[in-house]
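# Observations on chain architecture
Residues per chain, in single letters:
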Amino acid sequence: MDGLLNTPRGAVKIRPAELVDAARLRALRLESLLDAPVAFAADYERSQAETVERWERRINEYAQGSQSVIYLAEAAGELIGMTGLGRGHWQKTEHGGVIWGVYVQPAWRGLHIAEALIEACIAWGRGLGMTVVKLGVTANNAPALRCYLRCGFTVYGVDPQAICYNGVMYDELLMAKFIAAT
């Protein structure tokens, strides 16, 4: 699914990642880990060691199969947001997927870009016959929680002490959205 989202700051294109996006996608991911380190299980130091070639391989693998997808938000030729959806790896779990890496640059927040990225991932999963999509959100991340609730996710549990950052433990809310396959 590709789409155009009109915002007060200008048009934002929502589209799947392409091989040529690897370096910019890597940079955006690293930015997200510095901007919101508690929001992600991944850490900046380890992720910084991932090469552009690794991101090229990841995008290529995603494009080749039906196990994962990365969607990007692009405005005026710049990547301003991203998220991914990974499908269950086994036949018994391929009906579900996990949203990961939701990030929108601070200057673009509040314009429903994250919702558009998530909805693009859900549409992709629905097209593959997925029936449920899950995600985790740090319990103290109120803006992200509101976004996911707007997208129709509901809390089904808590993962206690899921993130430890600078010696502080953070619980994660586990959320799910049931989707009807087309």
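On a predicted model such as this, the values are computed, not experimentally measured, just so you know.

Before going further, it helps to spend a moment on the packing of aromatic side chains. Within a pair of aromatic rings, the relevant descriptors are the distance that separates the centres and the angle that separates the planes. Per the counting criterion, the structure on display carries one aromatic pair. Its end group placed over the ring of Trp108, Arg9 keeps NZ or CZ at 4.2 Å from the ring centre. Above the face of the Trp55 ring, Arg58 is positioned so that its terminal group lies 4.2 Å from the ring centre.

In terms of strand pairing, strand 6 (residues 132–138) meets strand 8 (residues 168–178) through seven bridges, oriented antiparallel. Its bridge partner lying in strand 8, Thr138 is registered against Glu172. Counting the residues in the hairpin turn of strand 7 (residues 154–165) and strand 8 gives two residues, including Asn166, whose phi is positive at 50°.

With that settled, consider the sheet that holds strand 7. Hydrogen bonds between backbone atoms are what pair the strands of a sheet, whose relative direction is either parallel or antiparallel. An order of 1-2-3-4-5-6-8-7 is seen for the eight strands of this open sheet, with the pairing classed as mixed. Each edge of the open sheet carries a strand with a single partner, namely strand 1 (3–7) and strand 7. Between one strand and the next, the sheet's axes are offset by a mean angle of 25°, whatever the strand orientation. Against the sheet, helix 1 (residues 22–35) contacts strand 2 (10–16), strand 3 (68–75), strand 4 (78–87) and strand 5 (96–104), and its axis sits at roughly 90° relative to strand 4.

The rules behind each value
Residues numbered from 1 in each chain as written. Predicted model: local features only at pLDDT ≥ 70, side-chain atom pairs only at ≥ 80, totals over all residues. Heavy atoms only, no water. Phe/Tyr/Trp six-rings, centres within 6.5 Å; stacked < 30°, edge-to-face > 60°. Lys NZ or Arg CZ within 6 Å of the ring centre and 35° of its normal. Pairing = 2+ DSSP bridges. Helix = DSSP H or I, 4+ residues; strand = E, 2+ residues; numbered from the N terminus. Axes fitted to C-alpha atoms, helices over the stretch in contact; angles between N-to-C directions. Contact = heavy atoms within 4.5 Å.

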